Amino acid sequence: MRRLRHPGRWISGGIVLLLLVVIGRAFAVGQIQWTVVGQFLTAEVIIAGFGWTLLISACALALGVVLGFAFGIMRLSENPILRFAAWLYVWIFRGTPVLLQLLIWFNIALVFPRLYIPGLVDERMVDVVTPFVAAVLGLGVNEGSYLTEVVRGGIGAVDKGQKEAAHTLGMTPGQTMRRIILPQTLRLILPVLGNSAIGMLKFSSLAATIAMGEMLNAAQRIYFINGAVIELLFVCAVWYLAGTTVLSIGQYYLERHFGRDASAASGKRTWFKGWTQRPAAPEEA
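Residues numbered from 1 in each chain as written. Predicted model: local features only at pLDDT ≥ 70, side-chain atom pairs only at ≥ 80, totals over all residues. Heavy atoms only, no water.

Asker: Looking at this structure, how should I read the layout of surface pockets?
Answerer: A probe matching the size of a water molecule, rolled over the atoms, marks out where space remains unfilled. Volume-wise, the largest pocket comes out at about 460 Å³. Elements with a minimum of two residues in the lining of the largest pocket: α7 (131-157), α8 (160-168) and α9 (173-188). Class assignment for the residues of the lining of the largest pocket results in 7 nonpolar, 5 polar and 4 charged. Quantified by volume, the second largest pocket comes out at close to 180 Å³. Around the second largest pocket, the lining residues are L61, V65, L190, L193, G194, A197, I198, L247, G250, Q251 and L254. Secondary-structure elements contributing two or more residues to the lining of the second largest pocket are α3 (44-75), α10 (190-203) and α12 (229-276). (1 Å grid on protein atoms, 1.4 Å probe; cavity = no way out; pocket = protein on both sides within 12 Å on 5 of 7 lines; lining within 4 Å. Points joined across faces, edges and corners; volume = space filled by probe spheres on them. Helix = DSSP H or I, 4+ residues; strand = E, 2+ residues; numbered from the N terminus. Nonpolar A, V, L, I, M, F, W, Y, C, P; charged D, E, K, R; others polar.)

Asker: Honestly, the side chain of S77 in this entry has me stumped. Any pointers?
Answerer: By the secondary structure assignment, S77 is in the loop between α3 and α4 (80-94). Take S77: its relative accessible area is 17%, and that puts it in the buried class. The contact partners of S77, leaving out residues within four places of it in the chain, are L82 and R83. (Buried < 20%, exposed > 50% of the residue type's maximum accessible area, 1.4 Å probe, protein only. Contact = heavy atoms within 4.5 Å.)

Asker: When you look at the packing of α9 against α10 in this model, what are you seeing that I'm missing?
Answerer: Two numbers describe a pair of packed helices, the interaxial angle and the distance between the axes. Running from amino to carboxyl end, α9 crosses α10 at an angle of 55°, the nearest separation of the two axes being 4 Å. As the angle between them shows, α9 and α10 are arranged oblique. On α10, the residues that touch L186, R187 and L188 of α9 are L190, P191 and L193. Within the contact of α9 with α10, the residues separate by chemical class into 5 nonpolar, no polar and 1 charged. (Axes fitted to C-alpha atoms, helices over the stretch in contact; angles between N-to-C directions. Parallel < 35°, antiparallel > 145°, perpendicular 65-115°, else oblique.)

Asker: Looking at this model, I keep getting lost on the pattern of salt bridges. Mind explaining?
Answerer: Note on pairing: side chains with opposite charge can pair once their charged atoms come close. Scanning the entire structure with this criterion turns up 4 salt bridges. Two residues, R124 and D127, come together in a salt bridge whose shortest N-O distance is 2.9 Å. A residue is classified by how much of its surface remains accessible, and D127, at 42% relative accessible area, is partly exposed. As a salt-bridge pair, E149 and R152 come within 2.8 Å of each other at their nearest N and O atoms. You can see E149 and its partner R152 sitting in helix α7, 3 residues apart, about one turn around the helix. The exposure class assigned to E149 is buried, which follows from its relative accessible area of 16%. Through salt bridges that share partners, R75, E149 and R152 make up one connected network. (Salt bridge = Lys/Arg side-chain N within 4 Å of Asp/Glu carboxyl O.)

Asker: Can you help me understand the packing of α8 against α9 in this one?
Answerer: Relative orientation of the contacting elements α8 and α9 amounts to 145°, with a least axis distance of 10 Å. Viewed along their axes, α8 and α9 form a crossing whose handedness is right-handed. Between α8 and α9, the residues in contact are Q162, K163, A166 and H167 and P173, T176, I180, I181 and Q184, respectively. Of the residues that constitute the contact of α8 with α9, the class distribution is 4 nonpolar, 4 polar and 1 charged. (Left-handed = near helix turned anticlockwise from the far one by under 90°.)

Asker: Help me understand the nonpolar core in this model?
Answerer: Nonpolar side chains in soluble globular proteins generally cluster together in the buried interior. In this structure, F40, I46, M215, L232, C236 and Y240 are the most contacted members of the largest nonpolar core, which totals 18 residues. Only α2 (34-41), α3, α11 (215-226) and α12 provide two or more residues apiece to this core. It is α11 that provides the largest number of residues to this core, a total of 5 residues. Setting aside residues up to four positions removed in sequence, M215 forms contacts with I46, G49, F50, T53, C236, W239 and Y240. Grouped together as the second largest cluster of nonpolar side chains are 16 residues, M125, A197, M200 and A207 included. (Core = buried A, V, L, I, M, F, W, Y, C linked by side-chain atoms within 4.5 Å.)

Asker: Sorry if this is basic, but what is going on with the pairing of strand β2 (residues 121-124) here?
Answerer: Successive side chains on a regular strand alternate, one facing one side of the sheet and the next facing the other. Taken together, the 4 bridges between strand β1 (residues 114-117) and β2 define a ladder with antiparallel strand orientation. Residue pairing across strands places Y116 opposite D122, the latter belonging to β2. Where β1 folds back on β2, the antiparallel hairpin that results is connected by 3 residues, among which G119 adopts a positive phi of roughly 80°. (Pairing = 2+ DSSP bridges.)

Asker: Explain the environment of F40 to me, please; I cannot follow it from the model alone.
Answerer: As for its placement among the helices and strands, F40 is situated in helix α2. Accessibility expressed as a relative area gives 16% for F40, which makes it buried. Along the sequence, F40 and I222 sit 182 residues apart, while their C-alpha atoms lie 9.6 Å from each other. Ignoring sequence-local partners within four residues, the contact set of F40 consists of I46, I222, N226, L232 and V235.

Printed below as a string of structure tokens:
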């Protein structure tokens, strides 16, 4: 039998390889001091900045997840005031740029000069909302507005029959939500949370605009002195790629773990259903 030819595949593959060669040559012969890239790749200030990047990302994502679940549940509440408050939160923070929100949080002392809670806190807002706090609030509150809709959709995707079964067993609405609905919702939205973690790591670079000493800000302070702009940007790119790669691998194994658990549970339910519906044996009839 004559083998079928696919000239389109060879042509497209050749074009891609040619583009890769051209791009690689441009970086090889361009005015890039690769020794400077290697020198600053493990510089103490860059590594410390990357540590701040990871800390901002983790804190902001945790805040976003908490807000997402809280407002996601409020979006489905029977209380119209809670539903409206959740809708207003999503409308405001999902409808404005995250950079704008960072700048507003950083300058929030112009609106609220003091943070006063009777008997607990009485501090100047400018001392409370540091660049780190402003970065966590700006990124976390913005992320929470997106996760609110994700959680709302995840809760809606859970089989309503399980909720009815939980009520039949005597569970209160709160127990049903905590023990039945939310664990399944978490498994359903896990891929989205993985993508959110990766996105948060990259969005944390916006904190450089409010003088937060994360990695990009540290790189900027260096190249303002030595003029090695592109080299320091490549250093940041290497660390961002390393961080997102690790998160992607973690997301893959988490999804596989939860997917395996879900498949096993589904298999058990199928086996149980088949056993209960099997024909009765002669001695059982």
